[in-house]
Amino acid sequence: RKHMEQAPAVGCCMCQQPFKYRCPKCSRVTCCLACCQAHKQEFDCDGRRPRSEFTSRRSQLDENVVYRDFLLLEEAARKVGSTQRGATLGLPRMRLPKKLQKLQRAASSRGTVLLFLPEGLARHTENTSFYVERKDTILWRVKWVFPRADTSFTEGSVSDKTPLAELLEEFFAMHPDNVTRRNRLRVYAGVRAELGIYLKAEGVPGGENKFHALSLTDSLETALSGKVVVEFPVLHVCSADEAQLLTLVTQEEALCATTALQDAVLGPRRGKVRDKRPHDGAHTDTAAAAVAAVDTAADSVLGNTHLPGNPGAAAAVAAQSALAVHGAEEIDLSEFDEG
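Sequence positions are assigned chain by chain, starting from 1 and proceeding in written order. Confidence filtering applies because this is a predicted model: local features only for residues at pLDDT of at least 70, side-chain atom pairs given and counted only at 80 or more, and all residues used for totals across whole chains, interfaces and linings. Just so you know, side-chain values use all the structure's heavy atoms and leave hydrogens and water out.

1. Side note on the nonpolar core
At step 1: As used here, the term nonpolar core means buried Ala, Val, Leu, Ile, Met, Phe, Trp, Tyr and Cys residues forming a set that is joined through side-chain atoms within 4.5 Å. Think of it in three bands: with a 1.4 Å probe and only protein chains considered, a residue is buried below 20% of the maximum accessible area for its type, exposed above 50%, and partly exposed in between. Counting residues in hydrophobic clusters, the biggest one holds 33 residues, and the most contacted among them are Trp140, Trp144, Phe146 and Leu168.
At step 2: Every helix listed is a DSSP run of H or I at least four residues long, and every strand listed is a run of E at least two residues long, numbered separately from the N terminus. Tallying contributions element by element places strand E5 (residues 137-146) first for this core, with 5 residues.
At step 3: Note on contacts: a residue pair is in contact if any heavy atoms of the two residues lie within 4.5 Å. In contact with Phe146, not counting residues within four places along its chain, are Thr151, Phe153, Leu168, Phe171, Leu185, Tyr188 and Val237.

The following block contains the structure:
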């Protein structure tokens, strides 16, 4: 309590020079940054204004104390209101347009868990992928990353029926319209035969450093089956020596992530008969796996250097899935002090 008592404002508490700053917590005055840091060590002060401090005397209940308590209650009310409206991790629950709902359902029918970021983020704005219902085809926006050449290309409307080998070969095709791309990729001239395609793993533990190895003989639809995709696929083209530096995700990790996020994002299918038997330990394990997958999905996106606005992207992945797993009624007030 002795640290909370206001010191006389006659000069800097460390060097007695004319003061410029007053500590929000202990009210001691300092003249410069060095003295401010020194006073924190000397008086064991963190410099943060207390958000909920007990006031024992009515004489101490001034307008500053009332205003401080008002702000705390207002923030708590805002937190409760946002949660009741379906907010998750500080982001509003997204209401997807019908075309994105169809795209997400079509991807799910192919075994791909497709996650969308909130409106306004660059990657969501750039996504031009759509589902052609009459042809039962997804036309993906695909970003190709070539680490050795330190360059990337983006293609729109790539059919998911096209083999990956055919898509990759287009970058090295000998035709006049492809001169610019071939020049930028000339460092791959001697290693074209050993190139492989890798998809960054999302929703798995340590996903920021793990990748899925894709088969060149598979179509894009088959290659993305059993994977988690954020907005649109980002494919990394690596040579054999570069591939040795990558950590590949195991089949069990990929299956756990896709199974947990599939139900969390899309919810139960219409017409599905619900099991009314009492819940057992298996249900608890499934819920725990879903929660773990949501957390690791956020960590995975946070480590993706190719996503613009990474902190928002990390929260957005969990924003679509955590609500279905945790429920909207849970309110986290752990950041508020007691009282």
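2. Overview of a nonpolar patch on the surface
At step 1: Exposure above 30% relative accessible area and no salt bridge define the residues that can form patches, which grow by joining like charges within 9 Å and nonpolar side chains of Val, Leu, Ile, Met, Phe, Trp and Tyr within 5 Å. Accessible surface is estimated by sampling points in the Shrake-Rupley manner with a 1.4 Å probe; for residues, cover comes only from the protein chains shown. Salt bridges are defined by distance alone: a side-chain nitrogen of Lys or Arg within 4 Å of a carboxyl oxygen of Asp or Glu. Among the surface-exposed residues, Tyr67, Phe70 and Leu71 lie close enough to one another that they form a single nonpolar patch of about 320 Å² accessible area.
At step 2: For Leu71, the location among the structural elements is in helix H2 (residues 63-84).
At step 3: Owing to a relative accessible area of 35%, Leu71 belongs among the partly exposed residues under this scheme.

3. Some points on the pattern of salt bridges
At step 1: The full count for this structure, using the stated rule, is 11 salt bridges.
At step 2: The salt bridge involving Arg110 is made with Asp136; its shortest N-O contact spans 3.3 Å. Here Arg110 is found in the loop between helix H3 (98-109) and strand E3 (113-115), whereas its partner Asp136 is found in the loop between strand E4 (130-132) and E5, with 26 residues between them in sequence.
At step 3: Judged by relative accessible area, which is 38%, Asp136 ranks as partly exposed.
At step 4: Note that Arg148 and Asp241 form a salt bridge whose closest N and O atoms lie 2.8 Å from each other. A residue pair is termed long-range when its members are at least 10 positions apart, and Arg148 in the loop between E5 and strand E6 (151-159) and Asp241 in helix H8 (residues 240-243) qualify at 93 residues.
At step 5: A residue is classified by how much of its surface remains accessible, and Arg148, at 31% relative accessible area, is partly exposed.

4. Remarks on the environment of Ala257
At step 1: Within the secondary structure layout, Ala257 lies in helix H9 (residues 251-266).
At step 2: In this structure, the C-alpha to C-alpha distance between Ala257 and Val113, residues 144 residues apart in sequence, is 9.2 Å.

5. Comments concerning H3
At step 1: Multiply 1.5 Å by the residue count of a helix minus one, and that product is the helix's expected span. Compared with the 16 Å implied by 1.5 Å per residue over 12 residues, the 16 Å span of H3 between its first and last C-alpha is a close match.
At step 2: For H3, every residue scored as buried is listed here: Leu100, Leu103, Gln104, Ala106, Ala107 and Ser108.
At step 3: Phi turns positive one or two residues past the end of H3, at Gly111, with a value near 85 degrees.

6. Points about the pairing of strand E8 (residues 210-214)
At step 1: Counting buried residues in E8 gives 4 out of 5 residues, a clear majority hidden from the surface.
At step 2: Relative to E8, strand E7 (residues 196-200) runs antiparallel, the two sharing 4 bridges. Residue Ile197 lies in a different strand from E8, and its bridge partner there is Leu214.
At step 3: Pairing between strands is defined by DSSP: at least two bridges between the two strands are required. Strand direction decides the pairing type here: E8 and strand E11 (residues 247-248), joined by 2 bridges, are parallel.

7. Considering the confidence of the model for the protein chain
At step 1: Known as pLDDT, the predictor's per-residue confidence is scaled from 0 to 100. When pLDDT is averaged across the protein chain, the result is 74; 67% of the residues are at 70 or more.
At step 2: In this model residues 1-8 is a low-confidence stretch, pLDDT under 50, and it forms 18 contacts with partners more than four residues away in sequence or in other chains.
At step 3: Residue range residues 86-92 is modelled with pLDDT below 50. Its contacts to residues more than four positions away, or to other chains, number 17 contacts.

8. Some words on empty space enclosed by the protein
At step 1: Space inside and on the surface of the protein is sampled on a 1 Å grid over the protein atoms alone, with a cavity defined as a set of points where a 1.4 Å probe fits but cannot get out and a pocket as an open set with protein on both sides within 12 Å along at least 5 of 7 lines; lining residues have an atom within 4 Å of a point. Grid points are joined across faces, edges and corners, and a volume is the space filled by probe spheres set on the points. Summed over all chains, the structure comprises 4 cavities of 30 Å³ or more.
At step 2: The volume enclosed by the largest cavity comes to roughly 60 Å³.
At step 3: Forming the boundary of the largest cavity are 11 residues, of which Arg123, Leu199, Lys200, Glu202 and Val234 lie nearest the centre.
At step 4: Of all elements in the fold, only E7 and strand E9 (228-230) reach the threshold of two or more residues within the lining of the largest cavity.
At step 5: With 3 residues, the top contributor of residues to the lining of the largest cavity is E9.
At step 6: In this classification, Asp, Glu, Lys and Arg are treated as charged, Ala, Val, Leu, Ile, Met, Phe, Trp, Tyr, Cys and Pro as nonpolar, and every other residue, Gly included, as polar. For the lining of the largest cavity, the per-class residue count stands at 7 nonpolar, 1 polar and 3 charged.

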